[in-house]
Amino acid sequence: MSGFPARFVDSRLRLARITRRALNHIFPDHWSFMLGEVALYSFVILVETGIFLAMFYKDSTVQVIYRGSYHALDGVKMSAAYRSMLHISFDVPAGLLIRQMHHWACDIFIGAIIAHQARIFFTGAYRKPRELNWIVGVTLLLLALANGYFGYSVGGDLLSGAGMRIGYAIMLSVPVIGPWLTFITFGGTVPVTATIPRFYALHIFVVPALISLLIGAHLWMIWWQLHTNYPGPKRTDKLIVGSRLWPSYTLKSLGLFFLLFAVVAMLGGLVQIDPVWVYGPYNPVAILPGAQPDWYLGWVEGAMRLFPGVNFRIGGYLVPELFWPGFFFPVMTFAVLYCWPFIEKLISLDFRPRNVLRWPYQQPFTTALGCAVAAMMVVLEFAGGDDVVALASHARLAAFRELLRVLVFVVPVLTGIVAYLVCVWWRRRRASDDAALRAGNEAVEELTLPQ
Ligand code: HEM
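Conventions we followed
Residues numbered from 1 in each chain as written. Predicted model: local features only at pLDDT ≥ 70, side-chain atom pairs only at ≥ 80, totals over all residues. Heavy atoms only, no water. Helix = DSSP H or I, 4+ residues; strand = E, 2+ residues; numbered from the N terminus. Buried < 20%, exposed > 50% of the residue type's maximum accessible area, 1.4 Å probe, protein only. Domains from an automatic or database assignment. Contact = heavy atoms within 4.5 Å. Buried area = accessible area lost by both parts, 1.4 Å probe. Salt bridge = Lys/Arg side-chain N within 4 Å of Asp/Glu carboxyl O. Polar contact = N/O pair within 3.5 Å; in protein donor to acceptor, adjacent residues only side chain to side chain. pLDDT = per-residue confidence, 0-100. Phe/Tyr/Trp six-rings, centres within 6.5 Å; stacked < 30°, edge-to-face > 60°. Near = heavy atom within 4 Å. Disulfide = S-S within 2.5 Å.

Enquirer: What is the right way to read the environment of Cys423 from this model?
Expert: Of note, Cys423 is situated in helix α16 (residues 397-444). Of the residues examined, Cys423 reaches a relative accessible area of 5% and is grouped as buried.

Enquirer: Help me out: how do you make sense of the domain arrangement of the protein chain in this one?
Expert: Many authors give the size of an interface as the accessible area that is lost as the parts come together. Domain boundaries assigned for the protein chain yield domain 1 (6-358) and domain 2 (361-451). Here the C-alpha centroids of domain 1 and domain 2 sit 24 Å apart. With 34 residues of domain 1 at the interface, the matching set in domain 2 holds 30 residues. With both sides pooled, the region where domain 1 packs onto domain 2 buries about 2600 Å², and carbon together with sulfur makes up 64% of that total. Among the residues domain 1 hides against domain 2, the three largest losses belong to Phe122, Arg305 and Leu306. Together they make up 26% of the total. Taken together, domain 1 and domain 2 are joined by two salt bridges. With a closest N to O distance of 2.9 Å, Arg305 and Asp387 form a salt bridge. If you look at where domain 1 meets domain 2, you find eight residue pairs in polar contact (both at pLDDT 80 or more). Elements that contribute at least two residues to the side of domain 1 that touches domain 2 include exactly α5 (95-123), α12 (298-306) and α13 (323-348).

Enquirer: How should the side chain of Asn147 be read in this particular structure?
Expert: With respect to the helices, strands and loops of the structure, Asn147 is situated in helix α6 (residues 131-153). Given the relative accessible area of 11%, Asn147 is considered buried. Those residues in contact with Asn147, other than ones at most four positions away along the chain, are Leu202, His203, Val207 and Pro208.

Enquirer: Just to check I follow, could you spell out the confidence of the model for the protein chain for this structure?
Expert: Low-pLDDT portions of the prediction should not be read for the details of their coordinates. With 95% of its residues at a pLDDT of 70 or more, the protein chain shows a mean pLDDT of 93. Confidence drops under a pLDDT of 50 for residues 442-451, and excluding neighbours within four residues, the segment shows eleven contacts in the predicted structure.

Enquirer: Where do I start with the packing of aromatic side chains in this structure?
Expert: Two aromatic rings are characterised by how far apart their centres lie and by the angle between their planes. All chains considered together, the criterion is met by 33 aromatic pairs. Between Trp220 and Trp224, the aromatic rings sit 5.9 Å apart at their centres with planes inclined by 10°, giving stacked as the arrangement. Of this pair, Trp220 and Trp224 both sit in helix α9 (residues 195-225), four residues apart, roughly one helical turn. Judged by its relative accessible area of 53%, Trp220 is exposed. Residue classification places Trp224 among the exposed positions, given a relative accessible area of 66%. With centroids separated by 6.2 Å and ring planes inclined at 50°, the aromatic side chains of Phe257 and Phe261 adopt a geometry described as tilted. Remark: Phe261 and Phe257 occur in helix α10 (residues 245-270); sequence separation between them is four residues, near one turn of the helix.

Enquirer: Would you explain the site of the ligand in this entry?
Expert: Around the ligand, the structure places 23 residues, and the nearest of them are His116, Arg119, Gly137, His218 and Thr228. The side chain of Arg119 places a nitrogen or oxygen atom 2.8 Å from an oxygen atom of the ligand. Side-chain polar atom of Thr228 to an oxygen atom of the ligand: 2.3 Å apart, as the coordinates give it. Where the shell around the ligand is concerned, the elements lending two or more residues are α3 (34-54), α5, α6 and α9.

Enquirer: How should the state of the cysteines be read in this particular structure?
Expert: What is meant by a disulfide is a covalent connection between two cysteines, made through their sulfur atoms. Applying the stated criterion across every chain yields a total of zero disulfides. This cysteine, Cys371, is not joined by any disulfide, and Cys423 carries the nearest cysteine sulfur, 6.9 Å off. For Cys371, a relative accessible area of 24% puts it in the partly exposed group.

Enquirer: So what exactly am I meant to see when it comes to unusual backbone geometry here?
Expert: Among all residues except glycine, the phi angle is most often negative; among peptide bonds, the trans geometry is most common. Cis geometry marks the peptide bond from Lys128 to Pro129, where omega comes out at 10°. Omega for the bond connecting Trp246 with Pro247 falls within 30 degrees of zero, at 0°, which places this linkage in the cis form. Structurally, the position occupied by Pro247 is in helix α10. Phi at Val176 is positive, roughly 70°, even though this residue is not glycine. In this structure, Val176 sits in the loop between α7 (158-172) and α8 (178-186). Its identity as a non-glycine residue notwithstanding, His394 has a phi of 55°, on the positive side. Relative to the helices and strands, His394 is located in the loop between α15 (386-392) and α16.

Pasting the structure below:
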């Protein structure tokens, strides 16, 4: 009888061969291939915790009087959305834990996507034939950022309301189509009752469904095209070295999932994040001292704080100062990201399929560019919280901001130059080792893929 159900199914569906081939699929062993999986598993945790929260959250701006366990806000008028956030935090069993896990999982999700993308960028994994997957990846990053924004906008607290107002102002600054864009997105002039239900539908249905679809497409392409490999013995553009899907890779990957879940649960239980009760309900004319967006939007906030207050007129249309740092800059950043594999192709004139990765030092220009952009983002993050930094360091805010306006250009240039020089020096040092590696590769090129 042993194996009867499997034989029964196989004699009808002929799945054994396909399954055997799938279980023998090779995955590289290098730790950096786990970054994509951290992103994947954080998304799973986001969905799980999000389903729990959806059972108690109310996407309504109807004004109510709070009568709950958080006495500091007893009798305060607020939206039903904000009241439900307080209810989840103080009255629903494990509600605060799950809310905090959801927020931590979001931060880890976006952090892992950025780290994963940096790995792809600095090792040249986006080269032919993986350009399409890079494009899907950039779209995933965009959707993840947008969903983070929608998520913290629906809280109905003072901080989320301020973020919503900033998003509204940025969209309104777009010449000609700004008012239409804001009407479609926010449902009127903020604050308006339509926005929270609209953002909520996007946050829990539309964007997660798109992310799930794109993750499916992303993983399907990886499976179909096979992984890349780091340079090393036996690795060629035709040969992949690593562990089989079953058992070693599956067990390793499951271990990673449980570890990540434990870390998120520990953070959710022990480290406070987004304490909405401290901020109070949304009030259109108020703002919190030291108000900050979540870190992954800090670069846009920083650009807005550093950009000088100049308004242009182009063809009779006013282009407000907010448009350049708040809209044009992020749009251009993503445009360059989308096009990067093709820009690099034009620079390097390398049109061949590449399955062996490059170490960062083997591509000094790309590495220098990536380091310069990362340095600029760090300065912009500081600028996004310049009031907090100035307060903590007893510096004058105006002087600190002027300094950052210089540093935002100087730091990336210096970082790029240093990164370039380090790569060139490293490449020279490794030249002899690389020659030995190439010799090793030639010796194994005739071997076929071990199954
Ligand atoms: C929700 C977000 C994402 C998830 C869940 C995800 C997941 C994964 C996983 C599990 C892998 C295989 C392991 C690895 O190579 O690290 C992978 C590979 C890959 N990802 Fe992503 N990824 C995401 C976002 C991105 C982004 C933002 C980019 C780039 C813009 C990107 C580009 C790629 C490429 C080109 C590969 C193939 C790399 C190779 O074979 O070396 N991904 N992704």
